[in-house]
Amino acid sequence: VQPIKAALYFDNADGFGNWRILIGTDATKELRRLTKSDRKKAGIVVKKIKQLSNGHFSEDNQKRLNRFGWGVPVYEAKMQRDLRLVIVTAGETYKPFKIYGIYTHTQVNRIWDAIGQHLVGKGKEYRAGRISFYGKQQCMAYENPPTFPGGDIYLPACFPPETTQTDIKPTPLVLSDKDMDELHSLLVLDKYVTFSQGFLNGLIANQDVEHVFELTPQERVIVDCKASCYVLGRSGTGKTTTMLFKMLGIQRAWEMQTSGTTMPKPRQVFVTKSRMLALKVEEYFTKLLESLALAGYSLEQLKQMKDRKMIQAEGLIDPDDVPEDKIGIPMRYSALEANHFPLFVTFDKLARMIAADVLSEDDLEAQRAAKLFIETDDPEGQKSLVTYKTFSRLYWPHFPQPLTKGLESWLVYSEFMGVIKGSESSLSCPGGFLDEETYCSLSSRSNPTFATHRKTIYALFEAYCKLKRHHRQHDVADRTHAILKTLLQGTSLKGQQIDYLYVDEAQDNLLIDALRKCPVILAYAAW
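Only a predicted model underlies this, so the values are computations on that prediction, with no experimental measurement involved.

**Describing the packing of helix H11 (residues 347–358) against helix H19 (residues 476–488)**
Next up, step 1: The geometry of H11 relative to H19 is characterised by a closest axis approach of 10 Å and an angle of 40° between their N-to-C directions. Between H11 and H19, the crossing angle belongs to the class labelled oblique. As H11 runs across H19, the sense of the crossing is left-handed. Packed against H11, whose contacting residues are Phe347, Asp348, Ala351, Arg352, Ile354, Ala355 and Val358, the element H19 presents Val476, Arg479, Thr480, Ile483, Thr486 and Leu487 at the interface.
Next up, step 2: Tallied by class, the residues present in the contact of H11 with H19 amount to eight nonpolar, two polar and three charged.

**Looking at the pattern of salt bridges**
Next up, step 1: This model, assessed by the stated rule, comprises 11 salt bridges.
Next up, step 2: Put simply, Arg20 and Glu214 hold a salt bridge, and the shortest N to O gap is 3.2 Å. Placement of the pair is Arg20 in strand E1 (residues 20–23) and Glu214 in the loop between helix H6 (197–204) and helix H7 (217–224), with a sequence separation of 194 residues. Both residues of the pair, Arg20 and Glu214, count as buried.
Next up, step 3: Asp478 is the salt-bridge partner of Lys421, the closest N and O atoms lying 2.7 Å from each other. In this pair, Lys421 is assigned in the loop between helix H16 (409–420) and helix H17 (436–440) and Asp478 in helix H19, connecting sequence segments 57 residues apart.
Next up, step 4: A relative accessible area of 3% places Lys421 in the buried class.
Next up, step 5: Through salt bridges with shared partners, a single ionic network connects Lys421, Lys468, Asp475 and Asp478.

**Looking at the side chain of Lys239**
Next up, step 1: Among the structural elements, Lys239 can be located in helix H8 (residues 239–257).
Next up, step 2: The side chain of Lys239 sits in the buried core without any salt bridge; Glu505 is the nearest counter-charge, 5.5 Å away.
Next up, step 3: Engagement of the side chain of Lys239 in a polar contact is seen with the backbone oxygen of Gly233, the distance being 3.0 Å.

**Section: helix H14 (residues 388–395)**
Next up, step 1: Buried residues of H14: Thr390, Phe391 and Tyr395, and no others. What you see down the axis of H14 is that its buried residues fit within an arc of 100°, all on one side. Facing away from the buried side of H14, by more than 90 degrees, are the exposed residues Lys389 and Arg393.
Next up, step 2: Elements that come into contact with the buried residues of H14 comprise H16 and helix H18 (454–471).

**Overview of the state of the cysteines**
In protein structure, a disulfide is the covalent linkage between the sulfur atoms of two cysteines.
Next up, step 1: Within the structure shown, the criterion is met by zero disulfides.
Next up, step 2: A disulfide-free cysteine, Cys229 has its sulfur positioned 4.6 Å from the sulfur of Cys225, the nearest such atom.

**Comments concerning unusual backbone geometry**
Next up, step 1: With an omega of -5°, the peptide bond running from Phe341 to Pro342 counts as cis.
Next up, step 2: Mapped onto the elements of the fold, Pro342 is located in the loop between helix H10 (299–314) and strand E9 (343–346).
Next up, step 3: Phi is positive for Arg472, close to 55°, though the residue is something other than glycine.
Next up, step 4: In this structure, Arg472 sits in the loop between H18 and H19.

**Things to note about the nonpolar core**
Next up, step 1: Core analysis: the largest hydrophobic core is formed by 49 residues, its most contacted members being Leu31, Val45, Leu85 and Phe195.
Next up, step 2: In terms of residue count, the dominant contributor to this core is H8 (six residues).
Next up, step 3: If sequence neighbours within four positions are ignored, Leu85 has contacts with Val45, Lys48, Ile49, Leu52, Tyr75, Glu76, Ala77, Met79, Ile99, Gly101 and Ile102.
Next up, step 4: Of all hydrophobic cores here, the second largest spans 27 residues; its members include Phe391, Tyr413, Phe450 and Phe461.

**Observations regarding the pairing of E1**
Next up, step 1: Burial along E1 is two-sided: the residues Arg20 and Leu22 and Ile21 and Ile23 are all buried.
Next up, step 2: The pairing of E1 with strand E5 (residues 96–103) spans four bridges and is parallel. Each bridged residue has a counterpart across the sheet, and for Leu22 the counterpart in E5 is Lys98.
Next up, step 3: Judged from the two bridges that link them, E1 and strand E6 (residues 193–194) form a sheet pairing that is antiparallel. The partner of Ile23 across the bridge, within E6, is Val193.

**A word on empty space enclosed by the protein**
Any empty space left between atoms is shown by rolling a water-sized probe over those atoms.
Next up, step 1: Across all of its chains, the model carries two cavities of 30 Å³ or more by this definition.
Next up, step 2: Every residue along the wall of the second largest cavity is listed here: Arg32, Thr35, Lys36, Gly202, Leu203, Asn206, Gln207 and Asp208.
Next up, step 3: Secondary structure elements with two or more residues in the lining of the second largest cavity: helix H1 (25–37) and H6.
Next up, step 4: When residues of the lining of the second largest cavity are assigned to their parent elements, the largest contribution, three residues, is made by H1.
Next up, step 5: The class makeup of the residues in the lining of the second largest cavity is one nonpolar, four polar and three charged.

**Topic: the pairing of strand E10 (residues 500–503)**
Next up, step 1: Side chains Tyr500 and Tyr502 project from E10 onto one buried face, and the interleaved Leu501 and Val503 project onto a second face that is buried too.
Next up, step 2: Where strand E8 (residues 268–272) and E10 come together, four bridges link them in parallel fashion. Counted as the bridge partner of Val269 is Leu501 from E10.

**Here's the deal with the packing of aromatic side chains**
Next up, step 1: For the structure on display, the rule yields 24 aromatic pairs.
Next up, step 2: On the numbers, 6.1 Å between centres and 50° between planes, the contact of Phe391 with Trp396 is tilted.
Next up, step 3: Judged by relative accessible area, Phe391 falls into the buried class, the value being 0%.
Next up, step 4: Ring centres of Phe391 and Tyr464 lie 5.7 Å apart, and the angle between their planes is 70°; on these two criteria the pair is classed as edge-to-face. Of this pair, Phe391 sits in helix H14 while Tyr464 sits in helix H18, and the two are 73 residues apart along the sequence.
Next up, step 5: Overall, the relative accessible area of 0% leaves Tyr464 in the buried class.
Next up, step 6: In textbook terms, an aromatic cluster arises when at least three aromatic residues are bridged by ring pairs, as seen for Tyr388, Phe391, Tyr395, Trp396, Phe399, Tyr413, Phe416, Phe433, Tyr439, Tyr458, Phe461 and Tyr464.
Next up, step 7: Sitting above the plane of the Tyr192 ring, Lys98 keeps its charged end 4.9 Å from the centroid.
Next up, step 8: The aromatic ring of Phe213 is capped on one face by Lys191, whose charged end is 5.0 Å from the ring centroid.

About the criteria used
- Residues numbered from 1 in each chain as written.
- Predicted model: local features only at pLDDT ≥ 70, side-chain atom pairs only at ≥ 80, totals over all residues.
- Heavy atoms only, no water.
- Axes fitted to C-alpha atoms, helices over the stretch in contact; angles between N-to-C directions.
- Helix = DSSP H or I, 4+ residues; strand = E, 2+ residues; numbered from the N terminus.
- Parallel < 35°, antiparallel > 145°, perpendicular 65-115°, else oblique.
- Left-handed = near helix turned anticlockwise from the far one by under 90°.
- Contact = heavy atoms within 4.5 Å.
- Nonpolar A, V, L, I, M, F, W, Y, C, P; charged D, E, K, R; others polar.
- Salt bridge = Lys/Arg side-chain N within 4 Å of Asp/Glu carboxyl O.
- Buried < 20%, exposed > 50% of the residue type's maximum accessible area, 1.4 Å probe, protein only.
- Lys, Arg positive; Asp, Glu negative; His and termini not counted.
- Polar contact = N/O pair within 3.5 Å; in protein donor to acceptor, adjacent residues only side chain to side chain.
- Arc of directions from axis to C-beta.
- Disulfide = S-S within 2.5 Å.
- Core = buried A, V, L, I, M, F, W, Y, C linked by side-chain atoms within 4.5 Å.
- Pairing = 2+ DSSP bridges.
- 1 Å grid on protein atoms, 1.4 Å probe; cavity = no way out; pocket = protein on both sides within 12 Å on 5 of 7 lines; lining within 4 Å.
- Points joined across faces, edges and corners; volume = space filled by probe spheres on them.
- Phe/Tyr/Trp six-rings, centres within 6.5 Å; stacked < 30°, edge-to-face > 60°.
- Lys NZ or Arg CZ within 6 Å of the ring centre and 35° of its normal.

Pasting the structure below:
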């Protein structure tokens, strides 16, 4: 695999200047509202943003809102008698302005001391490379003079990193609950996107599209990583987002390099257990691609977009109503072509696609296994998989009551799948599962759940296996063992190799599901 660096840097819109503009969620919503209700006023806002990007810092464009000595300066730029932009300079090497919001004159004097204090507490991101304006009260060394002597247009310049970092303790502020909510929204919930040509064209076309937002330094490290990695974090910390943006950046980098080259399209696959999550992520990815395409649209194409979208909306179908084998993904892995990538798929679907290739051999055992694991329209075949729902409804009530007393069915099922059949040690066992002696000797420190009930659990496992054979059913661990056994015996995986594999919610899979035979750049995300 030849790693491609993700390309997620976006320039300002055409005709804008060297000061990079990042616009926040609240400001974007207000600008879209103005675009629909008062296009003249929206044009005034865009004109002011363009002035700032070109370094036009007149007195009206940089009135300080927070008090001196209260952290990073926050400014307002006057547009009309009762309309203001609130901005801050984020001192990083790519010279951005952040637009916090579009406010009336009476709204701009409430929480800006707190904003400035919070930003200075972020340390080197705002202090080590801080940007300022020449000739003003906040000016310091290492900055550019006006473009023309005596003028008010300035090119951006960055301070060199500070050799020492000092801890700044903010002065306590008393804010109302309403102000605290707004502060939290601006500093935590808001996302900032580049005021790019794609963003501007989205406004012109009156399209509420998704745009790539500015990543945190920690998220940027993940996106730029060229090696395999694990991304760990609790829910809502951005694991899926970083994986998706990495996919988008690689796709965009390939598109930017394909002109005049024969570079093959990167084969990227996003895998998760949840079908709904796979569909939602693919939908978001498609919207991001559409937002990138907006940058190349002409005014005539932008005028046609709204009508075309309305026509498409009339034929919308709930994706949950469409069978998984009818959504354009082939039945076999070897049938995947370049147009299928990036591919968003559930782990179950991907496993069935691989099984359709590797288990369709002359060997009778492989053919028997294939009938179990390959997708089929046969109702009996569709009922052959033992999910937890099947286990709790058809298996658990038939186990000996003395064995199940005091135990939870979902914990027992997880122990069967995750430890006895799904652990890495199970691969070296003849039947694809740990024998009783091995299971009972497991460390109570690494496997504490049933440390004092090992023999009872194994007796339940033997009862489960007996019932499963009787019903001629299989579970997810059986499928993975069958595929790995075939591959490890020398059967090659048909089809082209995947270049990048992204596994979301990795904790929902078995350990044996994570084993791989071919070199591929991996990204695992789990809580």
